[in-house]
Protein chains: 2
Amino acid sequence: MFSQAEENYLKAIYALEIDTGKGVSTNLIAKKVLSKASSVTDMLQRLAEKELVIYKKYQGVKLSDKGRKIASNIVRKHRLWETFLVDKLHFSWDEVHDVAEQLEHIKSEKLIQQLDSFLEFPTHDPHGDPIPDKDGNFTKRKKIKLSQLNENEQSILLGVEDSSDNFLKYLNKKNISIGNTIRVLSKEPFDNSMEIEIDNTQFSITEEVATNLLVKA
Amino acid sequence: MFSQAEENYLKAIYALEIDTGKGVSTNLIAKKVLSKASSVTDMLQRLAEKELVIYKKYQGVKLSDKGRKIASNIVRKHRLWETFLVDKLHFSWDEVHDVAEQLEHIKSEKLIQQLDSFLEFPTHDPHGDPIPDKDGNFTKRKKIKLSQLNENEQSILLGVEDSSDNFLKYLNKKNISIGNTIRVLSKEPFDNSMEIEIDNTQFSITEEVATNLLVKA
DNA sequence: TCTAATTTTTAGATAAGTCTAAAAATATTT
DNA sequence: AAATATTTTTAGACTTATCTAAAAATTAGA
Ligand SMILES: [Mn+2]
Ligand SMILES: [Mn+2]
Ligand SMILES: [Mn+2]
Ligand SMILES: [Mn+2]
């Protein structure tokens, strides 16, 4: 149907639309897909030709309904595969992304349906990100930064702001994972670090870490 | 590492070497990968450049050790994925090949190791074909055609000679699958059809079918 | 063994996807 | 409102993988 390159561009535009809330620029896409602006222009013209995006020279680009559907389906597959890797093959959450980048391009309706069912219809992936359904719909959970909690408040870890390898590895090491209940024992006004408790173990985290952990609002 | 096209050519040469027992010709490869002889020549030259095959103009081609290792690894992945699809995702054995053709190109050592372990180290795929280990080794089971059995003999179904869609669908419909014990009740000298029994049900099959079913020798 | 048929290779095109360098358009600053 | 900076597009080149048509080599047959 569509090439991996086309799918990757659509996915990039999809993600950028979601987090900027508007049409996206050539340069932003280039950064996202790790290519050059000229390559992006090239691809945008081909995607426009196929009516997957709405593109006007120099004016940035938006997904068409058709393009958005394809993009959300790739995201769906990516997140289902990440869930499979963690839940069934015992990968840790910092190991799954690159493999899912490959698996998301496998084309088989039945495969993805059966995988969904095998995983018991998960709604969120190992990083706490929502898994879209076939029509691209998903529910956004209300989340706040852990740093916004006051002393003695607690909540459940739903996701991370930063899902870089380094951060995920840090969380791994500290045994922090999605679903954990985190209680704020105390906050240090000097540097905004906080003492927290997870599973009856207590330790302190920097403000940097606390702002990158998202808990149930 | 290597492109999907390269991997597919290596796999084709690997399969042809196994079933012809010698170096393989341009035309045979072209037929196998559904391309034209000129495209094959082109690719062979590139594979030779990379030392994956031994190629002498007009003299056919053989895999190098390096090439054979890559090829057997693709076959390993193909068959593990087919096993996964049947055992875990409830695909039937006539539905798995095309999806496995895609999945076999996913690159991740850990993925294939974990998959192997998740499937409990299967030695044969859903079609009865052996799954090579990391080094390309596998054991060949001795098999004979069902048509060679005499009246009142029985054996276990280990594989099929023909794994075309049509044949697999036929077997599916008749509820014949790998591992079944098949007893020959009678043979009809007129057309070599035979009456057989599987799981306490009896029915007759044509000679054509009987020669395409491989049972334990 | 020479000729004819077949197979294989080369030559030249095409398409996708990428790049660098230069030109064109848009945005920002005096 | 010009001048300058930035962004985007175009032009031209390169790589991989494919094709058709023609040339070259091998094989088979008379
Ligand atoms: Mn991911
Ligand atoms: Mn994720
Ligand atoms: Mn197969
Ligand atoms: Mn198989």
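Please read these numbers as outputs of a predicted model, since none were measured by experiment.

Some thoughts on the overall build of chain A
Next up, step 1: The helix and strand tally for chain A stands at 8 helices and 8 strands.
Next up, step 2: Principal axes of the C-alpha set define a box for chain A whose edges measure 55 × 40 × 25 Å.
Next up, step 3: Across the 217 residues that make up chain A, the buried fraction comes to 43%.
Next up, step 4: Carbon and sulfur atoms make up 47% of the accessible area of chain A, which amounts to about 11,800 Å² in all.
Next up, step 5: Side chains of chain A give 31 positive and 34 negative charges; the mean places of these two sets differ by 6 Å.

Here we look at the coordination of the manganese ion (ligand 1)
Next up, step 1: For the manganese ion (ligand 1), every protein donor is listed as His78 of chain A (NE2), Glu82 of chain A (OE) and His97 of chain A (ND1), and the spread of their distances is 2.0 to 2.2 Å.
Next up, step 2: Overall, His78 of chain A belongs to the buried group, its relative accessible area being 7%.

Section: the protein's contact with DNA strand C
Next up, step 1: The immediate surroundings of DNA strand C are formed by 22 residues, with Ser3, Ser39 and Arg46 of chain A together with Gln45 and Tyr55 of chain B found nearest.
Next up, step 2: Counting only atoms of DNA strand C within 4 Å of the protein, the sugar-phosphate share comes to 78%.
Next up, step 3: With respect to DNA strand C, the side chain of Ser39 of chain A contributes an N or O atom lying 2.5 Å from a phosphate oxygen.
Next up, step 4: Within the side chain of Tyr55 of chain B, a nitrogen or oxygen atom sits 2.4 Å from a phosphate oxygen of DNA strand C.
Next up, step 5: Ranked by residue count, the leading element in the surface near DNA strand C is helix α3 (residues 37-49) of chain A, at 5 residues.
Next up, step 6: Its residues assigned to classes, the surface near DNA strand C comprises 7 nonpolar, 11 polar and 4 charged.

Structural notes on the interface of chain A and chain B
Next up, step 1: Between chain A and chain B, the residue contacts involve 21 residues of the former and 21 residues of the latter.
Next up, step 2: Surface buried jointly by chain A and chain B totals about 1,700 Å² across both partners, of which 70% is contributed by carbon and sulfur atoms.
Next up, step 3: Here chain A and chain B share 2 salt bridges between them.
Next up, step 4: Between Glu95 of chain B and Lys110 of chain A there is a salt bridge, and its shortest N-O distance comes to 3.1 Å.
Next up, step 5: The interface formed by chain A and chain B holds 6 residue pairs in polar contact (both at pLDDT 80 or more) in total.
Next up, step 6: For the side of chain A that touches chain B, the secondary-structure elements that each account for two or more residues are α4 (65-87), α5 (97-103) and α6 (109-118) of chain A.
Next up, step 7: For the side of chain A that touches chain B, the leading source of residues is α6 of chain A, giving 5 residues.

Re the sheet that holds strand β8 (residues 213-216) of chain B
Residue and element names in this part refer to chain B.
Next up, step 1: With antiparallel pairing, the 6 strands of this open sheet are ordered in space as β3-β8-β4-β5-β6-β7. Pairing within the sheet leaves two strands with one partner each, and these edge strands are β3 (143-145) and β7 (201-205). Recorded for the sheet is a direction-independent mean angle of 45° between the axes of neighbouring strands.
Next up, step 2: Where β3 meets β8, 3 bridges bridge the pair, whose relative direction is antiparallel. For Ile144, the partnering residue across the bridge sits in β8 and is Val215.
Next up, step 3: Each of β4 (154-160), β7 and β8 touches helix α7 (residues 165-173); the most contacted strand, β4, lies at about 145° to it.

Considerations on the coordination of the manganese ion (ligand 3)
Residues and elements named next belong to chain B.
Next up, step 1: In the first shell of the manganese ion (ligand 3), the protein supplies His78 (NE2), Glu82 (OE) and His97 (ND1), at 2.0 to 2.2 Å from the metal.
Next up, step 2: All donors of the manganese ion (ligand 3) come from a single chain, and their spacing in sequence reads H-x3-E-x14-H.
Next up, step 3: His97 sits in the partly exposed class, given a relative accessible area of 40%.

So, the side chain of His105 of chain B
Next up, step 1: Checked against the element boundaries, His105 of chain B lands in the loop between α5 (97-103) and α6 (109-118).
Next up, step 2: Taking relative accessible area as the criterion, His105 of chain B reaches 5% and is therefore assigned buried.
Next up, step 3: Among the polar contacts made by the side chain of His105 of chain B, one reaches the side chain of Asn8 of chain B at a distance of 3.0 Å.
Next up, step 4: Of the polar contacts made by the side chain of His105 of chain B, one reaches the backbone oxygen of Glu101 of chain B; its length is 3.3 Å.
Next up, step 5: Every residue in contact with His105 of chain B, bar those within four places of it in the chain, is listed here: Gln102 of chain A together with Gln4, Glu7, Asn8 and Lys77 of chain B.

Examining the domain arrangement of chain A
Next up, step 1: By the assigned domains, chain A splits into domain 1 (4-63) and domain 2 (143-216).
Next up, step 2: The C-alpha-based centres of domain 1 of chain A and domain 2 of chain A are spaced at 35 Å.

Section: the relation of the copies chain A and chain B
Next up, step 1: The two copies are related by a screw motion: chain A maps onto chain B through a turn of 180° and a shift of 0.0 Å along the axis, at an RMSD of 0.1 Å. Taken together, these values place the two copies in the relation of a two-fold axis. Relative to the rotation axis, the closest C-alpha in chain A is found at Leu103 of chain A, a distance of 3.8 Å.
Next up, step 2: With an isologous cut-off of 70% or more, the 100% of interface residues of chain A that recur at the interface of chain B puts this contact in the isologous class.

A closer look at the sheet that holds strand β6 (residues 194-198) of chain A
Sheet strands associate in pairs through backbone hydrogen bonding, adopting either a parallel or an antiparallel arrangement.
Residue and element names in this part refer to chain A.
Next up, step 1: Reading across from one edge, β3-β8-β4-β5-β6-β7 is the order of the 6 strands in this open sheet, with antiparallel pairing throughout. Each edge of the open sheet is held by one strand with a lone partner, namely β3 (143-145) and β7 (201-205). Sheet twist, expressed as the mean angle between neighbouring strand axes with direction ignored, is 45°.
Next up, step 2: Across the sheet, helix α7 (residues 165-173) lies against β4 (154-160), β7 and β8 (213-216), angled at about 145° from β4, the strand it touches most.

Calculation rules
- Residues numbered from 1 in each chain as written.
- Chains lettered and ligands numbered in written order.
- Predicted model: local features only at pLDDT ≥ 70, side-chain atom pairs only at ≥ 80, totals over all residues.
- Heavy atoms only, no water.
- Helix = DSSP H or I, 4+ residues; strand = E, 2+ residues; numbered from the N terminus.
- Buried < 20%, exposed > 50% of the residue type's maximum accessible area, 1.4 Å probe, protein only.
- Areas by Shrake-Rupley, 256 points an atom, 1.4 Å probe, with all protein chains shown as cover.
- Lys, Arg positive; Asp, Glu negative; His and termini not counted.
- Charge placed at Lys NZ, Arg CZ, Asp CG, Glu CD.
- Donors = N, O, S within 2.8 Å, 3.2 Å for Na, K, Ca; no water.
- Near = heavy atom within 4 Å.
- Polar contact = N/O pair within 3.5 Å; in protein donor to acceptor, adjacent residues only side chain to side chain.
- Nonpolar A, V, L, I, M, F, W, Y, C, P; charged D, E, K, R; others polar.
- Contact = heavy atoms within 4.5 Å.
- Buried area = accessible area lost by both parts, 1.4 Å probe.
- Salt bridge = Lys/Arg side-chain N within 4 Å of Asp/Glu carboxyl O.
- Pairing = 2+ DSSP bridges.
- Axes fitted to C-alpha atoms, helices over the stretch in contact; angles between N-to-C directions.
- Domains from an automatic or database assignment.
- Least-squares fit on C-alpha atoms with pLDDT ≥ 70 in both.

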